Every structure is written in C-alpha cells, then in structure tokens.
Amino acid sequence: MKKIYLLALLILPLVGFAQEDQILKKLDAKAGFYNDIAMKIWSNPELGYLETQSSALLQQTLKDAGFTVKPGVAEVPTAFIAEYGSGAPVIGIMAEFDALPGVSQKAVPFRDPVVEGGSGHACGHHLFGTASTAAGITVMEWMKENNIKGTLRVYGTPAEEGGGGKVYIAKAGLMDDVDAMLHWHPGSDNEAGATSSLANISTKFRFYGVASHAAAAPERGKSALDGVEAMNFMVNLMREHVPMETRMHYVITRGGEAPNVVPAFAESYHYVRHPDAIVVKEIFQRMIKAAEGAALGTQTRMEYEIINGVYNLLPNETLSQIMFKNLQRVGGVNYTAEEKKFAEEIIKTFPEGVIASPDDAAVITPFEVNEKGTGGSTDVGDVSWLVPTAGLGTATWVPGTSAHTWQAVAAGGMSIGQKGMMVAAKTLTLTAMDIFKDPSVTVKAKAELDKRRGANFKYEALTGDRKPPLDYRK
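In short, a report on the structure. This structure is a prediction, so every number in the text was calculated from the model and none was measured.

Points about the environment of L198
On the secondary structure map, L198 appears in the loop between β6 (194-195) and β7 (199-208). Linking L198 and G221, residues 23 residues apart in sequence, is a C-alpha distance of 41 Å.

Structural notes on the packing of helix α6 (residues 224-238) against helix α7 (residues 277-298)
Running from N to C, α6 and α7 point in directions that differ by 140 degrees, and their axes come no closer than 8 Å. Classed by the angle they form, the pair α6 and α7 counts as oblique. α7 is crossed by α6, and the crossing has right-handed handedness. On the side of α6, the interface is formed by D226, G227, A230, M231, M234, V235 and M238, while α7 contributes I283, R286, M287, A290, A291, G293, A294 and T298. Looking at the contact of α6 with α7 residue by residue, the classes come out as 10 nonpolar, three polar and two charged.

Looking at the nonpolar core
Grouped together as the largest cluster of nonpolar side chains are 72 residues, with contacts concentrated most on L62, F67, L152, L182, W184 and L428. Of all the elements, helix α12 (residues 415-437) adds the most residues to this core, at 12 residues. Those residues in contact with L152, other than ones at most four positions away along the chain, are F67, A82, E83, Y84, I91, I93, G136, V139, M140, M143 and F436. If you look at the next biggest cluster of nonpolar residues, it comprises 59 residues, including A74, Y155, M238 and V279.

Some thoughts on the sheet that holds strand β2 (residues 80-86)
Hydrogen bonds along the backbone pair up the strands of a sheet, which may run parallel or antiparallel. With mixed pairing, six strands are arranged side by side in an open sheet as β1-β2-β4-β3-β5-β12. Each edge of the sheet is formed by a strand with only one pairing partner; in this case those strands are β1 (68-71) and β12 (389-395). On average, each strand axis in the sheet is inclined to that of its neighbour by 20 degrees, with strand direction left out of account. The sheet contact formed by strand β5 (residues 180-187) and β12 spans seven bridges and is parallel. When the bridges of β12 are listed, W184 appears paired with L392. Packed on one face of the sheet, helix α3 (residues 52-65) meets β1, β2 and β4 (150-156) and runs near 15 degrees to β2. Where helix α4 (residues 125-146) meets the sheet, its contacts fall on β2, β3 (90-95), β4 and β5, and the angle it forms with β5 comes to roughly 140 degrees.

A short note on the packing of aromatic side chains
The final tally for this structure, using the stated rule, is 14 aromatic pairs. Site record: aromatic cluster; members linked through ring pairs are Y311, W385, F457 and Y459. Sitting over the ring of Y269, K204 keeps its end group 5.1 Å from the ring centre. Just above the ring of Y208 sits the side chain of R301; from NZ or CZ to the centre is 4.3 Å.

Digging into the pattern of salt bridges
Evaluation of the coordinates by the stated rule reveals 26 salt bridges. For R452, the salt bridge identified is with E371, shortest N-O distance 2.8 Å. Of this pair, R452 sits in helix α13 (residues 439-453) while E371 is found in the loop between β11 (369-370) and α10 (380-384), placing the two residues 81 residues apart along the sequence. For R452, a relative accessible area of 23% gives the class partly exposed. On the accessibility criterion, E371 (51% relative accessible area) is exposed. Linked through salt bridges whose partners overlap, the residues forming this network are R206, E267, E305 and R466.

A few points about the sheet that holds β7
Read across the sheet, four strands follow the order β8-β9-β7-β10 without closing on themselves; strand pairing throughout is antiparallel. Strands with a single pairing partner mark the edges of an open sheet, and in this sheet they are β8 (247-254) and β10 (301-310). Strand-to-strand twist across the sheet, computed as the mean angle between neighbouring axes with direction ignored, equals 20 degrees. Bridge analysis of β8 against strand β9 (residues 265-274) gives seven bridges, and the strand direction is antiparallel. Across the sheet, the residue bridging to M248 is V272, located in β9.

Some thoughts on the packing of α3 against α4
Closest axis-to-axis distance for the α3/α4 pair is 10 Å, and the angle between their directions is 10 degrees. Classed by the angle they form, the pair α3 and α4 counts as roughly parallel. Here L58, T61, L62 and A65 of α3 come into contact with α4, specifically with G129, T130, T133, I137, M140 and K144. Here the contact of α3 with α4 is composed, by residue class, of five nonpolar, four polar and one charged.

How each quantity is defined
Residues numbered from 1 in each chain as written. Predicted model: local features only at pLDDT ≥ 70, side-chain atom pairs only at ≥ 80, totals over all residues. Heavy atoms only, no water. Helix = DSSP H or I, 4+ residues; strand = E, 2+ residues; numbered from the N terminus. Axes fitted to C-alpha atoms, helices over the stretch in contact; angles between N-to-C directions. Parallel < 35°, antiparallel > 145°, perpendicular 65-115°, else oblique. Left-handed = near helix turned anticlockwise from the far one by under 90°. Contact = heavy atoms within 4.5 Å. Nonpolar A, V, L, I, M, F, W, Y, C, P; charged D, E, K, R; others polar. Core = buried A, V, L, I, M, F, W, Y, C linked by side-chain atoms within 4.5 Å. Buried < 20%, exposed > 50% of the residue type's maximum accessible area, 1.4 Å probe, protein only. Pairing = 2+ DSSP bridges. Phe/Tyr/Trp six-rings, centres within 6.5 Å; stacked < 30°, edge-to-face > 60°. Lys NZ or Arg CZ within 6 Å of the ring centre and 35° of its normal. Salt bridge = Lys/Arg side-chain N within 4 Å of Asp/Glu carboxyl O.

Put into structure tokens, the structure is as follows:
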C-alpha cells in the first residue's frame, strides 16, 4: 500500500504537467485569433470611458465563447462583467482597454505618428484586455471539460489611465464576493513579485475671474490665469516640505484665449502621489489651501473637482508566489532575428545612459516582496484592499522602454507585443487553474489580506461620493 501511495505522489504531478502542456498548446493554437483582436483595438485607440468599440469587441468574444455578459455595470457604459459557473470559489480576471492621448505611432522603430497628436496604446491596454479575455476563455473551457466547480469572472475595467474605472466597480459592490483577483500589465520585463504602487489623487482646479481688455482697461479685469499660476507657484514651493517619496505634477489645461483679454477662466490639472493613501489625502488638503490662498490673493473664485483617486497596491504574497511559479513555467519572450533587429533600432532611440539588451526580454525577474510603492499608480490598488489580488508584467515592449512612450506603442503593434501578451495569457490561465484546484489557497490569501490591511480597515474611496467622470477625456 505504501508503494502505491508513493507511486501516486510521483504520477499526479506528471498528470498535472501533461494537462498544463495541453492548455498551453491550446493557447498557442489560438494566438493568431487573439493577436487579431489586440490589433483591432490597437488600430482604433479609444480614450478612457469612450472605449465603445474596444469594450464591445471583448464582450462579444467572451459571449461567443459561452460567458454570460452584463454590460454597462457600475453606471459606466463601457464596463462589463462576463461570468461562467456558480458557487465558490469566485475567481476574477481584470481586463483593461483604454488608450492615451497624444502618443499616436505606427509599428515602426522610429517616430512616425499614425495621426499627429492622436491617441495610441502607449500603456499596452489593447494587449491587457485581450490576454485577460484569452485566459478567461481558456479557463472556462478547462472548467467545462473537467467539471470544475466555482465561478469565473472577467471584469471589463475602463479608463485606468486617470479615470479610475475599477474604483466605481468596487464601490458598487461588484467585487465583494470575489475570493481572488488576477491581473497583469504590459511592460519591458517579465516579473510577478508582490509589490506595491503609489496612491494618487488627481484634481482639476478651476479659477473664475473677470474678463477685460488687457491694455485698454486692465484695472477692470481679474485674471483667472493669475489664480492658476499663483496656486502652481505655491504647490511647487511645497515640494521642499513633503515626504521625499511624494510625487506632484500638473498641467495647465486652460489658460485663456488671447493675450489681450484678461482670462475669465483658467484650469490646472494636478496629481499628488505617495506610497500611503493617508499621506496623499493630507498633502491634497494642503493643495486645496494653496488654491484657496491663490483665489484670495488674485480676487478670483476657485472650484475643484476630484477626477480620480486610487489606493496603493496591497501585495498578496500567497497569490503572487503562485503567479511567479507559473511565469517561470511559461518563460519569457524570445525574439526572432527580425524582432531582435527591431528591438536594437528601438534601443538606439532611448535617452543616453539607458542600458538595455534585446536578450533581456527572455529573462524572468527574481521574486520580490516590496511594500513601498514605486513608479506609477493604478486603480487595481483599490481592488487589492478589498480582494486578495496578484498580478504580473510581461515583456510586451523592448527592454528598457518606458511606459507612455511612442516606443511602447510601436512594439505593442507588432509581434513583440503579441508574444508578451501570450506569456501573460498563459500565466493567468495556469494561476487561475491552480486556485480552483486548491481550496486552501483562497483561505490563506484572505488571511494575508486581513493581516496586511489591519483589523479596523474600512474602505473609503479617495474619489469620495462622486459619480464616474465619464467626460474627463472629452
């Protein structure tokens, strides 16, 4: 009997590996199908909350595969939930699909916009949404074939780039019953650590003055632009007196129409970021005081609107270790000779001092736990404080590429991006399968979430009670 038991222990992992091999081969066989979907979205870049065609394409793909799709959730027309199965555990996979303004680019290794000043997928969300859809369909088919119990959901989450789509889905309670949430993001390397991000509040400050002829009757005018500039000056002075991890940046979105008219209206768009959401709220209150002082000093009137607010990512090592194991199983991105030549041309366009090699796309970054937020911000942060969450990044861009650049758009529009997308789809698929197969995983992941966020944690969105800013890109 003991020999039989030991033999079973040896055989079961081999059976599991054989099944995983079949799953990976199935995804390889459908790579062309998913590449076509990603390229349709890449070729029609739609900004946050305006992703009508991109969202519809992913919804239809999931519906055709057998998911029940609920569109327009959380009062957001382009948000959706695709669901299969019933009961516990409930596993979610998030999908993004919004583009960025001003980074239009052809799939070539030199600067060449498709439309000058147009939009582009400089953060690779065309790949993000497609890979998550591919993973969802593959896991669903596996569940059907093997009679796996539980619920699988693909969440279509719009407007990650400053619109906070996930925040409103979370606020609506549509993730409350999820046991584990998975996501990924395009990047220039392959990693699946348990790392954090920066919390962020973004706000438009609007100043209202009195118009007048700037030469004939300047004494009658009250310049809204003066209010904006006075506020911005004071915010810049604040940089010396905030924690060193803080990031503050802004643009003036409206400064007046003509130099000879005292501006009656002006607006600036501010971000404040920090690894701790509480610190972000404190610094934001100081920004408001600066704006109030600027209005008082320039005899203008000020209003502000919080456009977005997101928490820092809360790492979950339990889920991230599983994700990392599967990323190692799948492997990184290996370039053909043609892709390597493309990558080398892209690397030549990087700023001086950026050292990168095309070979780095095949490397898997060692596992790391880092609770100090670095880099950017994401609305995945809010989800991670409510549901055990794990993510990964894959080399969809040439190593050394920064997000939000034309170089990212270029690589995302050709085979380099598509290969990285399939690495993500495979890793998400295997990770979801592992969680469905082992009930103890979600129990352990939830216990870790409770420990990290503390016993007295109560979720309060940094956006307050505002509705989704559906017009923030218009």
